[in-house]
Amino acid sequence: MSVVKINAISVPEGAGPELERRFAARLGAVEQMPGFEGFELLRPTAGETRYFVYTRWATEEDFRSWIESQQFQHGHSGDESSERSPVGTGSALLEFEVVERV
C-alpha cells in the first residue's frame, strides 16, 4: 500500500516564485530514490497561502530512507549561496495511506 506525504509550507506573500525556483533547481534529486512513485508542487489559489509538496512512496520505509538521504539533506541544508535563508515561515507534514487509486 502506497503512502502519501504532504508538506504544507507557509510562504510569505511574494516569496512563492523563489520557492518554486528552488524546487525547480532540485528536480531529479528524488526521482531516483527506491520506492518513489510521484511528486507534485502545488501552488496555492483561492485564498490559501500555503504551498503543498505532495510525494507518494511505495512504503513508509522508502520515505524514511529519502529524508535520511544525502540528497535530501543537501536540498534542505541551506548551504547553497542563494539559499542561505529559508523561504517558508513554517511547515506541517500531513501523512496518509492510499486506500484507493484509479
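Computed from a prediction, not measured in an experiment: that's the story for all the values here. (Residues numbered from 1 in each chain as written. Predicted model: local features only at pLDDT ≥ 70, side-chain atom pairs only at ≥ 80, totals over all residues. Heavy atoms only, no water.)

Caption draft 1: Quick peek at the side chain of aspartate 62. For aspartate 62, the position within the fold is in helix 2 (residues 60-67). The side chain of aspartate 62 is buried and forms no salt bridge, while arginine 56, the nearest opposite charge, is found at 11 Å. Leaving out residues up to four positions away in the same chain, aspartate 62 has contacts with Pro34, Gly35 and Trp57. (Helix = DSSP H or I, 4+ residues; strand = E, 2+ residues; numbered from the N terminus. Buried < 20%, exposed > 50% of the residue type's maximum accessible area, 1.4 Å probe, protein only. Lys, Arg positive; Asp, Glu negative; His and termini not counted. Salt bridge = Lys/Arg side-chain N within 4 Å of Asp/Glu carboxyl O. Contact = heavy atoms within 4.5 Å.)

Caption draft 2: A look at the pairing of strand 3 (residues 50-57). For strand 3, the buried fraction is high: 6 of the 8 residues fall into the buried class. Examined bridge by bridge, strand 2 (residues 36-42) and strand 3 share 6 bridges and lie antiparallel to one another. Paired with glycine 38 across the two strands is arginine 56, which belongs to strand 3. (Pairing = 2+ DSSP bridges.)

Caption draft 3: Focus on the pairing of strand 1 (residues 3-10). The buried fraction of strand 1 is high, at 6 of 8 residues. When strand 1 meets strand 3, the two strands line up antiparallel, connected through 8 bridges. Bridge pairing in strand 3 places isoleucine 9 opposite tyrosine 51. Bridge count between strand 1 and strand 4 (residues 90-97): 8 bridges; the pairing is antiparallel. If you follow serine 10 over to strand 4, its bridge partner there is glycine 90.

Caption draft 4: Up close: the pattern of salt bridges. Scanning the model with the defined rule gives 10 salt bridges in all. For glutamate 37, the salt bridge is made with arginine 56, and the minimal N-O distance between the two is 3.2 Å. Note that glutamate 37 is positioned in strand 2 and arginine 56 in strand 3, a separation of 19 residues in sequence. When its relative accessible area of 31% is taken as the criterion, glutamate 37 is described as partly exposed.

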